[in-house]
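Survey of secondary and tertiary structure
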Amino acid sequence: MNPQIQFLLEKAIQSISVSSFDTAKLYLNQAIKLAPKNSEVNRLVGVLAVFRGDQNEAMQYFDKAIDLNPRNSNAITNKANLLSELGKFEEAIQFFHKAMEFDKNNFEAPNNLGNTLQDLKRFDEAIPWYEKAIQIRPNYAEAYSNLGNAFNELKRYEKAITSYEKAIQLKPSYADAYSNLGNTYHELKRFDDGSINAWLEGYIFSLSGPIYAGSNEVQRNITAERLLGLPRVGAG
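Let me sum up the structure you'll find in this document. (Residues numbered from 1 in each chain as written. Predicted model: local features only at pLDDT ≥ 70, side-chain atom pairs only at ≥ 80, totals over all residues. Heavy atoms only, no water.)

Let's talk about the pattern of salt bridges
All told, the structure shown has six salt bridges when counted by the stated rule. Several salt bridges converge on common partners, so that one network encompasses E90, R122 and E125. (Salt bridge = Lys/Arg side-chain N within 4 Å of Asp/Glu carboxyl O.)

As structure tokens, then:
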């Protein structure tokens, strides 16, 4: 990629990471003037549109990115995510599979495919996709937590607990995983178990963690990660 285009994209990503969307738009406007037929430039314009809440514009740019490079796995994943958010689940599933076909190391597509299957209440089908995401990226805390959610829905509570605990081990400030773990303890009526005290202590820490770390720092880390494919965390 042209170094100037690369520089503009990096600056745009940094700006999105701190929610400076207007600044990001300036960088991306420059990039698209210089390289209107660059697939990645068009994809990131679509990503910015997602953050700004313009789903129609986002879809237009994801489609253009894919037209320019039909093997752009990240753009295909972005489109699949948006289709899922729009409730077009079956179409989204097709695009997640296509994204994985073009990039065997795309860990976000199987995770988000699992979430889409959970949206459809197809919990058994979701499990192997979370496991695939974890196989590709063993430290993928979100996939472990989503896997726990699927086990929880199937009332396989011990497996859910193991999954949530692994997510927390990988990401000690993961409040959603702590919350879901607490809900599972509640389902099991595990109130007197010594583990509940450890859970409560960890949950309180996870809630205070963003304060100590600084919200901009946390948001920057989350956004930079998600710009690769906008992974979704399933509902707990």
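Some details on the packing of helix α10 (residues 157-170) against helix α11 (residues 175-187)
Contact geometry for α10 and α11: axes closest at 9 Å, N-to-C directions at 155°. Judged by the angle between their axes, α10 and α11 are roughly antiparallel. The hand of the α10/α11 crossing is left-handed. On α11, the residues that touch Y157, A160, I161, Y164, E165, A167 and I168 of α10 are A177, Y178, N180, L181, T184, Y185 and E187. The class makeup of the residues in the contact of α10 with α11 is 10 nonpolar, two polar and two charged. (Axes fitted to C-alpha atoms, helices over the stretch in contact; angles between N-to-C directions. Helix = DSSP H or I, 4+ residues; strand = E, 2+ residues; numbered from the N terminus. Parallel < 35°, antiparallel > 145°, perpendicular 65-115°, else oblique. Left-handed = near helix turned anticlockwise from the far one by under 90°. Contact = heavy atoms within 4.5 Å. Nonpolar A, V, L, I, M, F, W, Y, C, P; charged D, E, K, R; others polar.)

Concerning the environment of Y144
Of note, Y144 is situated in helix α9 (residues 141-153). With a relative accessible area of 16%, Y144 lands in the buried category. Put simply, Y144 and Y130 are 14 residues apart on the chain and 7.2 Å apart in space, counted from C-alpha to C-alpha. For Y144, the residues in contact, after removing those within four places along its chain, are I134, P138, S163, K166, A167 and L170. (Buried < 20%, exposed > 50% of the residue type's maximum accessible area, 1.4 Å probe, protein only.)

Some details on the nonpolar core
Counting 58 residues, the largest nonpolar core has L9, L28, V41, F96, L113, L147 and L181 as the members making the most contacts within it. Residues contacting L147, with those up to four places away along its chain left out, are I127, Y130, E131, I134 and S163. (Core = buried A, V, L, I, M, F, W, Y, C linked by side-chain atoms within 4.5 Å.)

Let's talk about the packing of helix α8 (residues 123-136) against α9
Where α8 meets α9, the axes come as close as 9 Å, and the angle between the chain directions of the two elements is 160°. When the axes of α8 and α9 are compared, the pair comes out roughly antiparallel. Viewed along their axes, α8 and α9 form a crossing whose handedness is left-handed. Between α8, through F123, I127, Y130, E131, A133 and I134, and α9, the contact on the second element is made entirely by A143, Y144, N146, L147, A150, F151 and E153. Its residues assigned to classes, the contact of α8 with α9 shows 10 nonpolar, one polar and two charged.

Quick word on the environment of Q118
Here Q118 lies in helix α7 (residues 108-119). For Q118 and N146, which are 28 residues apart along the polypeptide, the C-alpha to C-alpha distance reads 9.2 Å. Filtering out sequence-adjacent residues up to four positions away, Q118 remains in contact with F123, A126, Y130, N146, N149, A150 and E153. A polar contact is formed between the side chain of Q118 and the side chain of Y130, at a distance of 2.9 Å. Among the polar contacts listed, one links the side chain of Q118 to the backbone oxygen of N146, at a separation of 3.2 Å. (Polar contact = N/O pair within 3.5 Å; in protein donor to acceptor, adjacent residues only side chain to side chain.)

Points about the packing of aromatic side chains
Inspection of every chain in the model, using the stated rule, returns two aromatic pairs. With 5.9 Å between their ring centres and 35° between their planes, F21 and F51 make a pair best called tilted. With F21 in helix α2 (residues 21-34) and F51 in helix α3 (residues 39-51), this residue pair connects regions lying 30 residues apart in the sequence. Geometry around Y140 places R137 over its ring, the cationic atom sitting 5.8 Å from the centre. (Phe/Tyr/Trp six-rings, centres within 6.5 Å; stacked < 30°, edge-to-face > 60°. Lys NZ or Arg CZ within 6 Å of the ring centre and 35° of its normal.)

Description of α3
In this model α3 runs 19 Å from its N-terminal to its C-terminal C-alpha over 13 residues, within 8% of the 18 Å that 1.5 Å per residue would give. Capping of α3 at its N-terminal end is provided by N38; its side-chain oxygen lies 2.9 Å from the backbone amide nitrogen of E40. G53 occupies a position one or two residues after α3 and carries a positive phi of about 85°. (Expected span 1.5 Å × (residues − 1).)

Things to note about helix α5 (residues 73-85)
Helix length check: α5, at 13 residues, gives a terminal C-alpha distance of 18 Å against a target of 18 Å (1.5 Å per residue), a fit within 8%. Counting buried positions along α5 gives 11 out of 13 residues, so the element sits mostly inside the fold. Buried residues along α5 sit in contact with α3, α4 (55-68), α6 (89-102) and α7. In the segment just after α5, G87 is the residue with positive phi, at about 85°.

Topic: the environment of P36
Here P36 lies in the loop between α2 and α3. In this structure the C-alpha to C-alpha distance between P36 and L68, which are 32 residues apart in sequence, comes to 9.9 Å. The residues contacting P36, other than those within four sequence positions of it, are N42, K64 and L68.

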